[in-house]
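# Per-entry structural report
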Amino acid sequence: MNNKISQHRILNSGKISRRKTPRLFARQDSMCQPKVFIQTFGCQMNKYDSEVMKSLLLKEGYEFTDNWQEADVILVNTCSVRQHAEERVYAYLWKWSKYKQETKPNLIIGICGCMAQKEGMNILNKIPHLNLVCGTYSIPRIHEFVKDLLKTGGRRIEISEDYTDFPPPVHEARETKISAWVAIMRGCNNYCAYCVVPYVRGREISRSVEEIENEVKELARKGIKEVTFLGQNVNSYNIKNKISKIKNDFALLLKRINDINGIERIRFTTSHPKDMSQATIEAIRDLPKVCEHIHIALQSGSDKILKLMNRKYTREQYKELVEKIRKTIPKVSITTDIMVGFPTETEDDFMDTYNLVKEIEFDASYIFKYSPRPGTKAAEFKDDVPEEIKQERLNKLLSLQKRIVQKQNEELIGKEVEILVGCHILKDKSKYFGKTRNFKPVSFQSDKDLTGKLVRVKITEIRGGLLEGVLASQN
Ligand code: 5AD
Ligand code: SF4
C-alpha cells in the first residue's frame, strides 16, 4: 500500500509536453468555460464525494457535460473495494489517455478517490497521459488542482493523510430535488480482514450535530424531502461537542433531525451489527420520519469465517440482533451484504451462510465474490476458493434471494403503501416511481405531476420483479 507519499507534488514530469500558451486559458478569456466530465464508481460515499467535486467546480464557474468527448477535464472518482472495480477504471484511463494522445492533447485527465489514495505514484507511472492523482483526503481541494493543471498541463499527485475536516456541504450539485445524501461521519476503525476502506478512508471522524442540523435545515429550505445519512459505520457516529454524556449518540442525532420542518423522511447507511444499539432501534421505531429500513452487513453465516474476517460477532449474535430489530420495529426491512469464497470457505461454511439467509429472509442482499486486496490482513491468506466455486455459490445465493423477494412482493399485493414520489420513468411521462418507507421500489400511473409528494399506492401486480400499483390517496 502506497500510503506513505504525503502532499507529494510533481509538475511537468516531461512525459507530457507543455504548451507555451495553454489553449484552455484562451477559451476562458473568450468567456467559454472549460467543461468537466465526472465518472463515478463505487458506493454512495463516492457518489457524495463526486457531488462535492461538482459543487466546488461549479462555484469556480466550470461547466459540466455528460459526454466525455466534449470535456476539457475528465475526472474519475474510484473504488478499491473489489479488484473488478479497479480493472474497469484502468480500462477507462487507457481509453481516455489514448484519446488525449491522438485527438485532444490539452485534455486534463484526473483520477480521484480510493484508488488514487491507495495506488498513488503507481497509477501515474502506468498511465502515460494522466495529469492528476487526487486521494480521498484531497478531494476538497480539487478546484485548485484543476485550475493549476489547466494552466500548466503538468502532472500532479496529491495524497494526504492529514484529513481532519469534512468537505463543505454540496448544495449546488444535488442531482435530485427530492432526496439528498448527508455525510455524517467518514472512515472506519474496524479493520475487517478483507477490507481496504480503513486504509483508503482513514480513521473514523464524525461531524458535529450542529453542522449536520444546519446542513439539513438548508436542504429543507431548498425543498429536499428526504435525507440519507452516509458513513461507513453510521451507528458508531459520535457527537464531539457533548450534547449528551450517554453513548447513544446516533439515536440522539436522529431525534434532532426528526424535528426539522420540511424533511419528511430520514434514512441512513451503513450500519455495523456490533454497533447497533437498543437506543437506535427504538429511535427508528419511535421517530415518525425515520424510515423502517436497516442495512446491516452479515458477510458470512459461518462462525469460523466471521472470526477470520474479524467481524466481532457470531452467527447467533447476528440472529439475535435481527430478532430484536423485528420485534421492536413493525414492518422493518433488513438488507445485507454477503461475501462468498473468503479464504478457507468450505461447502459447510457456505451452507451456514445459505441456511441463515433462508432463515432470516432479507429484503435484499448484495452478494460479492471475495477478491484479495493488497495490504489487507486477508491478502496474506491463500485465495484458495476456485473462481468457479465462488461463482456457483454467488449464483445459489442470488437465486435464493430472488425467491425470497418474490414471496415478499406477492404478500404486498392488495396492500396500501406510502411512497415518496421521486421521478417519472423516462420512457413514460405519466408513470412515476418512488420507494416505500422500507425501501421497496414501486411504480404507478398519474396524469398529475406528483414529484416530491407523499402518496399512498395500492399494490396491484409485480412486473419484471418490481412492484406496480394504483394511486390510492395523496397525503
Ligand atoms: N472482496 C469482495 N467483496 C468485498 N467487500 C469488501 N471488501 C471486499 C473484498 N475484498 C464487500 C463487503 C462490503 C461491501 C461494501 O463490499 O461485502 O460490505
Ligand atoms: Fe470495511 Fe469492515 Fe469498515 Fe465496513 S466495517 S468499511 S467492511 S473495515
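The rules behind these values
- Residues numbered from 1 in each chain as written.
- Chains lettered and ligands numbered in written order.
- Predicted model: local features only at pLDDT ≥ 70, side-chain atom pairs only at ≥ 80, totals over all residues.
- Heavy atoms only, no water.
- Helix = DSSP H or I, 4+ residues; strand = E, 2+ residues; numbered from the N terminus.
- Buried < 20%, exposed > 50% of the residue type's maximum accessible area, 1.4 Å probe, protein only.
- Contact = heavy atoms within 4.5 Å.
- Areas by Shrake-Rupley, 256 points an atom, 1.4 Å probe, with all protein chains shown as cover.
- Salt bridge = Lys/Arg side-chain N within 4 Å of Asp/Glu carboxyl O.
- Near = heavy atom within 4 Å.
- Polar contact = N/O pair within 3.5 Å; in protein donor to acceptor, adjacent residues only side chain to side chain.
- Core = buried A, V, L, I, M, F, W, Y, C linked by side-chain atoms within 4.5 Å.

Here the focus is the overall build of the protein. Within the protein one finds 14 helices and 19 strands. Looking at the protein as a whole, 55% of its 475 residues qualify as buried. Sequence separation of 24 or more characterises 73% of the internal contacts of the protein that already satisfy a separation of 6 or more. Only carbon and sulfur atoms are counted for the fraction: they give 51% of the accessible area of the protein, which is about 21,400 Å².

Next up on the list: the pattern of salt bridges. If you walk through the whole model with that rule in mind, you get 35 salt bridges. Note that Asp148 is salt-bridged to Arg156, the shortest N-O span being 2.8 Å. Across the salt bridge formed by Glu226 and Arg267, the nearest N and O atoms sit 3.0 Å from each other. Here Glu226, found in strand S10 (residues 226-230), pairs with Arg267, found in strand S11 (residues 265-269); they are 41 residues apart in sequence, far enough to count as distant. Residues Glu226 and Arg267 agree in their burial class; the two are buried.

The next point concerns the site of ligand 1. The environment of ligand 1 is formed by Val81, Arg82, Tyr194, Gln299, Asp337, Met339, Phe368, Lys369, Tyr370, Ser371 and Arg373. Separating an oxygen atom of ligand 1 from a side-chain N or O atom of Arg82 is a distance of 2.7 Å. Within the contact set of ligand 1, an oxygen atom lies 2.7 Å away from a side-chain nitrogen or oxygen of Gln299. Summarising the interface, the protein chains cover 86% of the accessible area of ligand 1, which totals 400 Å² for the free molecule. Within the residue set of the shell around ligand 1, elements represented by two or more residues are strand S13 (333-340) and strand S14 (364-369).

Among the structural elements, His143 can be located in helix H6 (residues 142-152). Discounting chain neighbours no more than four positions away, the residues touching His143 are Leu56, Leu57, Glu60 and Tyr62.

Within the largest apolar cluster, 54 residues are counted, with the highest numbers of intra-cluster contacts made by Ile184, Val227, Phe229 and Ile325. Among the nonpolar cores identified, the runner-up in size contains 25 residues, and Phe41, Ile111, Ala116 and Ile159 belong to it.

Moving on: the side chain of Ser97. Note on placement: Ser97 falls in helix H3 (residues 83-102). Leaving out residues up to four positions away in the same chain, Ser97 has contacts with Ile109, Ile127, Pro128 and His129.

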